[in-house]
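Working through the structure, step by step
Next come the chains, spelled out residue by residue.
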Amino acid sequence: MICQQKEYPYLLNIILGDLINYRGGIINLETGLVIIRIEGKEIIMNFDILLLGNNEAVLRMLWL
């Protein structure tokens, strides 16, 4: 998958609202467009990326 620099980087919050300090907690990468198919519906979107090494992460999508 190809990644690119975000035009507008932002700080990442954890579920409780605190900022993540790992590698500065700045989301500065995003995927290209990805096709997602769920229960017969198709969505095309990109995903923001924070490199966490071997740590697990919770992903969240904001529907605007």
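Further up the page is the structure itself.
A short tour of the structure in this document, coming up. (Residues numbered from 1 in each chain as written. Predicted model: local features only at pLDDT ≥ 70, side-chain atom pairs only at ≥ 80, totals over all residues. Heavy atoms only, no water.)

1. Some details on the sheet that holds strand S1 (residues 3-11)
Read from one edge of the open sheet, three strands run S1-S2-S5, paired in antiparallel fashion. Because the sheet does not close on itself, it has two edges, and the strands there are S1 and strand S5 (48-49). (Pairing = 2+ DSSP bridges. Helix = DSSP H or I, 4+ residues; strand = E, 2+ residues; numbered from the N terminus.)

2. A short note on the environment of aspartate 48
Relative to the helices and strands, aspartate 48 is located in strand S5. Note: C-alpha distance between aspartate 48 and tyrosine 10 (38 residues apart in sequence) is 10.0 Å. When sequence neighbours within four positions are dropped, the list of residues in contact with aspartate 48 reads Lys6, Tyr10, Ile27, Leu29 and Glu30. In this structure the side chain of aspartate 48 is engaged in a polar contact, spanning 3.0 Å, whose partner is the side chain of lysine 6. Within the local environment of aspartate 48, its side chain forms a polar contact with the side chain of tyrosine 10, the two groups lying 2.6 Å apart. (Contact = heavy atoms within 4.5 Å. Polar contact = N/O pair within 3.5 Å; in protein donor to acceptor, adjacent residues only side chain to side chain.)

3. Some thoughts on the pattern of salt bridges
Taken as a whole and judged by the stated rule, the model has three salt bridges. Between aspartate 48 and lysine 6 there is a salt bridge, with the nearest N and O atoms lying 3.0 Å from each other. On the criterion of sequence distance, the pair formed by aspartate 48 in strand S5 and lysine 6 in strand S1 is long-range, its members being 42 residues apart. Here aspartate 48 falls in the partly exposed class, since its relative accessible area comes to 31%. One salt-bridge network, in which partners are shared between bridges, spans Lys6, Glu30 and Asp48. (Salt bridge = Lys/Arg side-chain N within 4 Å of Asp/Glu carboxyl O. Buried < 20%, exposed > 50% of the residue type's maximum accessible area, 1.4 Å probe, protein only.)

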